[in-house]
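# Fold and contact review
Chain by chain, the residues run as shown.
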Amino acid sequence: MRDTLHEFQRSHGFGRGISGVQIGVPQRIIYMEIARASYCLVNPAWVHKNTETFRLWDDCFSFPDLLVYLERSSAVGIRYSDESGAMRSLEANGSLSELIQHEMDHLDGILAIDRALDKNSLCTRQEWRRRYSGGVAANW
Ligand SMILES: [Zn+2]
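Residues numbered from 1 in each chain as written. Predicted model: local features only at pLDDT ≥ 70, side-chain atom pairs only at ≥ 80, totals over all residues. Heavy atoms only, no water.

## Quick look at the nonpolar core
Ranked by internal contacts, the top residues of the largest apolar core, which has 15 residues, are Met32, Tyr39, Leu41, Ile78, Leu90, Leu96 and Ile100. The element best represented in this core is helix α2 (residues 94-107), accounting for five residues. In contact with isoleucine 100, other than residues within four places in its own chain, are Met32, Trp46, Val76, Ile78, Leu90 and Ala92. (Core = buried A, V, L, I, M, F, W, Y, C linked by side-chain atoms within 4.5 Å. Buried < 20%, exposed > 50% of the residue type's maximum accessible area, 1.4 Å probe, protein only. Helix = DSSP H or I, 4+ residues; strand = E, 2+ residues; numbered from the N terminus. Contact = heavy atoms within 4.5 Å.)

Right, here's the structure in full:
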């Protein structure tokens, strides 16, 4: 999963996480790299999800040229096993929180497009750059 994520980052210039189901591994496994840290989550489960939410343009390497405007909880807590089988827990907010929610959704067969807020919440990456970042490439 690490190799697949790195290959995608090399070829597309973005990508922070991957779930087993995206590459045909029928297990509840997530691998993430964010803020110079990496996480391998085996059988992750929710401990809590904050009811406070925020909205963002999300992307996904299962459909790399599409962005989706959606809502995520501002903070979450999960428990999981790490690569060695040790039980761990993780509290997250901001970017890590929304990334965990994105990847947990994959394990349940939910894609970002399923969470689009309305009919204006889908945008190609090219269109998004033109509309929202003045032509400057997003730094993902
Ligand atoms: Zn995804």
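From this point, the discussion proceeds with the structure in view.
## Comments concerning the coordination of the zinc ion
Within the first shell, the zinc ion binds the protein through Cys60 (SG), His102 (NE2) and His106 (NE2), at distances of 2.0 to 2.3 Å. As a motif over one chain, the donors of the zinc ion read C-x41-H-x3-H. One end of the pair, cysteine 60, is in the loop between β4 (53-58) and β5 (66-73); the other, histidine 102, is in helix α2, and 42 residues separate them in sequence. (Donors = N, O, S within 2.8 Å, 3.2 Å for Na, K, Ca; no water.)

## Structural notes on the confidence of the model for the protein
Looking at the protein, the pLDDT average stands at 93 and 95% of residues meet or exceed 70. Considering each helix and strand of the protein separately, the mean pLDDT is smallest for helix α3 (residues 125-132), with a value of 90, and largest for strand β6 (residues 75-81), with 98. (pLDDT = per-residue confidence, 0-100.)

## A closer look at the pairing of strand β3 (residues 37-49)
Bridging between strand β2 (residues 29-34) and β3 involves six bridges; their strand directions are antiparallel. Across the sheet, residue methionine 32 finds its bridge partner in β3, namely tyrosine 39. Counted between consecutive antiparallel strands, the loop separating β2 from β3 contains two residues, among which alanine 35 sits at a positive phi close to 50°. Note that β3 and β6 share five bridges and pair antiparallel. Along β6, the bridge assignment pairs alanine 45 with arginine 79. (Pairing = 2+ DSSP bridges.)

## Examining the pattern of salt bridges
Counting across every chain of the model gives twelve salt bridges. Residue arginine 72 is joined to aspartate 105 by a salt bridge in which the shortest nitrogen-to-oxygen separation is 3.0 Å. Placement of arginine 72 in strand β5 and of aspartate 105 in helix α2 is noted, with a sequence separation of 33 residues between them. Considered together, arginine 72 and aspartate 105 belong to a single accessibility category, that of buried residues. Linking arginine 115 and aspartate 105 is a salt bridge whose minimum nitrogen-to-oxygen distance equals 2.5 Å. Of this pair, arginine 115 sits in the loop between α2 and β8 (122-124) while aspartate 105 sits in helix α2; the two residues are ten residues apart in sequence, bridging distant segments of the chain. Salt bridges linked by common partners bring Asp58, Arg72, Asp105 and Arg115 together as one network. (Salt bridge = Lys/Arg side-chain N within 4 Å of Asp/Glu carboxyl O.)

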